[in-house]
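# A structural walkthrough
Residue-level listing of the chains:
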Amino acid sequence: MDTYIRSALFIPANNPGMVQSNELLEADAIIFDLEDAISINQKDSARFLLDEAFQFFEKTDVVRIVRINPLETPFFYDDIALVKKFDIDFIMLAKASVESVKQLAQELVDTNIKIIALIESAYAVIDIENILKASSLVKGILFGAEDFALDMQIVRTKKSDEILVARQHLAITCKALNVFALDTPFTDVEDFEMLVADTMKARNFGFSGKACINPRQVNYVNEVFSPSLEEITYALEVIESATKAQLEGLGVFSLHGKMVDAPIINRAKLTIENAKKAGIKYE
């Protein structure tokens, strides 16, 4: 699970202004959207505009993702034919299923593009293990809670209690199969306090990042999914103390009155690794 994505920002593929400025944004990943953000009568023009834009993009550290339309739509193969020519990292497959993952994987055999499965239905949630195993190209998922709620005939709320079980099931399965899991976007672009609370909940469930639908959400999401200075300081203490304990032949030791063993040491190492990936400077 080498991909490091804390924040993934959706940008409509038919908005040239936003597409051209995407490298200036602070998201770890940009999702160029050919699906929900594009009306049916704009699909062709969106592909054209995205094709034009990619002729001028220079490759940076920003992870590039294109969300394509589902297999059951007439746009699926047209999207793939265009997008597979781009210098991108992932195709995000809307309404992912075992069948659609296999179809997409066949189309990508001569490329270096990997797949992110967008999980948007009750069946996809319970079939997540099979979807992830449908192709070795599947490296991550995004939970689409709005479509999931529609399928479940439930009402979405800011507290998100209604999707708790689905979230946890997806996060656990992804961890077990060593793929990354991106959480559903928070749709109120004015409520940053609840955005932070929702993002913290996602992090505590085991998600590795979160999708954003507005550039103003990115910094909040990045901060939650980055180690805090307090966490980094403690991790450095643990690693230093573990080194001393090893020299003394101790497998378990005490730090600040709490027992430290292998899981805590490994978590400390992961914290420092993630701090480096996030570009956080510390002494």
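About the cut-offs
- Residues numbered from 1 in each chain as written.
- Predicted model: local features only at pLDDT ≥ 70, side-chain atom pairs only at ≥ 80, totals over all residues.
- Heavy atoms only, no water.
- Helix = DSSP H or I, 4+ residues; strand = E, 2+ residues; numbered from the N terminus.
- Expected span 1.5 Å × (residues − 1).
- Buried < 20%, exposed > 50% of the residue type's maximum accessible area, 1.4 Å probe, protein only.
- Arc of directions from axis to C-beta.
- Contact = heavy atoms within 4.5 Å.
- Pairing = 2+ DSSP bridges.
- Axes fitted to C-alpha atoms, helices over the stretch in contact; angles between N-to-C directions.
- Parallel < 35°, antiparallel > 145°, perpendicular 65-115°, else oblique.
- Left-handed = near helix turned anticlockwise from the far one by under 90°.
- Nonpolar A, V, L, I, M, F, W, Y, C, P; charged D, E, K, R; others polar.
- Core = buried A, V, L, I, M, F, W, Y, C linked by side-chain atoms within 4.5 Å.
- Right-handed = clockwise from strand over helix to strand, strands pointing away.
- Phe/Tyr/Trp six-rings, centres within 6.5 Å; stacked < 30°, edge-to-face > 60°.
- Lys NZ or Arg CZ within 6 Å of the ring centre and 35° of its normal.
- Salt bridge = Lys/Arg side-chain N within 4 Å of Asp/Glu carboxyl O.
- Domains from an automatic or database assignment.

## Remarks on helix α11 (residues 229-247)
- In this model α11 runs 27 Å from its N-terminal to its C-terminal C-alpha over 19 residues, within 8% of the 27 Å that 1.5 Å per residue would give.
- What α11 keeps buried is the set Ile232, Ala235, Val238, Ala242 and Ala245. End-on, the buried residues of α11 take up no more than an arc of 150 degrees, which puts them together on one face. Of the exposed residues in α11, the ones pointing more than 90 degrees away from its buried face are Leu229, Glu230 and Leu247.
- Elements that come into contact with the buried residues of α11 comprise β9 (253-255), β10 (258-260) and α12 (262-277).
- Once α11 finishes, glycine 249 follows within two positions and takes phi at roughly 80 degrees, a positive value.

## A short note on the pairing of strand β1 (residues 7-12)
- Among the 6 residues that make up β1, 5 are buried, leaving the element largely enclosed by the rest of the structure.
- Bridge analysis of β1 against strand β8 (residues 209-212) gives 3 bridges, and the strand direction is parallel. By the bridge assignment, alanine 8 is partnered in β8 with alanine 211.

## Details of the packing of α11 against α12
- Contact geometry for α11 and α12: axes closest at 8 Å, N-to-C directions at 130 degrees. One element, α11, and the other, α12, form an angle in the oblique class. Crossing geometry of α11 relative to α12 is assigned as left-handed. In this structure, α11 contributes Glu231, Ile232, Tyr234, Ala235, Leu236, Val238, Ile239 and Ala242 to the contact, and α12 contributes Ile264, Ile265, Ala268, Lys269, Thr271, Ile272 and Ala275.
- In terms of residue class, the contact of α11 with α12 is built from 12 nonpolar, 1 polar and 2 charged.

## Structural notes on the nonpolar core
- Judged by nonpolar contacts, the single largest core of 63 residues is most densely connected at Ile68, Leu104, Ile119 and Ile141.
- Excluding residues within four positions of it along the chain, isoleucine 68 makes contact with Glu35, Phe76, Asp79, Ile80, Val83, Ile91, Met92, Leu93, Ala94 and Leu104.

## Comments concerning the pairing of β8
- Where burial is concerned, the two faces of β8 agree: the one with Gly209 and Ala211 and the one with Lys210 and Cys212 are both buried.
- As a crossover connection, the stretch from strand β7 (residues 180-183) through helix α9 (residues 192-205) into β8 is right-handed.

## Quick word on the packing of helix α8 (residues 164-176) against α9
- At a minimum axis separation of 9 Å, α8 and α9 run at an interaxial angle of 45 degrees. When the axes of α8 and α9 are compared, the pair comes out oblique. Of α9, the residues touching α8 (which contributes Leu164, Arg167, Gln168 and Ala171) are Asp198, Lys201, Ala202 and Phe205.
- Looking at the contact of α8 with α9 residue by residue, the classes come out as 4 nonpolar, 1 polar and 3 charged.

## Some points on the side chain of aspartate 198
- Relative to the helices and strands, aspartate 198 resides in helix α9.
- Residue classification places aspartate 198 among the buried residues on the basis of a relative accessible area of 3%.

## As for the packing of aromatic side chains
- Inspection of every chain in the model, using the stated rule, returns 6 aromatic pairs.
- The structure contains a cluster of three or more aromatic residues connected by ring pairs, namely Phe32, Phe54 and Phe86.
- Here the guanidinium or amino end of lysine 43 rests over the ring plane of phenylalanine 75, the centre of that ring lying 5.5 Å away.

## As for the pattern of salt bridges
- Per the stated rule, a full pass over the model turns up 23 salt bridges.
- Salt-bridge contacts for lysine 95 lead to glutamate 35; the nearest nitrogen and oxygen are separated by 3.4 Å. Placement of the pair is lysine 95 in the loop between β4 (90-93) and α4 (98-107) and glutamate 35 in the loop between β2 (29-33) and α2 (43-54), with a sequence separation of 60 residues.
- For lysine 95, a relative accessible area of 28% gives the class partly exposed.
- Using a relative accessible area of 5% as the deciding quantity, one classes glutamate 35 as buried.
- Residues joined in a network through salt bridges with shared partners are Asp33, Glu35, Arg67, Lys95, Glu120 and Asp147.

## Some remarks on the domain arrangement of the chain
- The domain boundaries assigned to the chain delineate domain 1 (7-224) and domain 2 (229-277).
- Relative to domain 2, the C-alpha centre of domain 1 lies at a distance of 35 Å.

## Notes on the sheet that holds strand β6 (residues 138-143)
- The strand order β1-β2-β3-β4-β5-β6-β7-β8 describes a closed barrel built from 8 strands, whose pairing is parallel. In this sheet, neighbouring strand axes are inclined to one another by 25 degrees on average, regardless of whether the strands run parallel or antiparallel.
- Sheet strands in contact with α8 are β5 (114-119), β6, β7 and β8, and its direction is about 170 degrees off that of β6.

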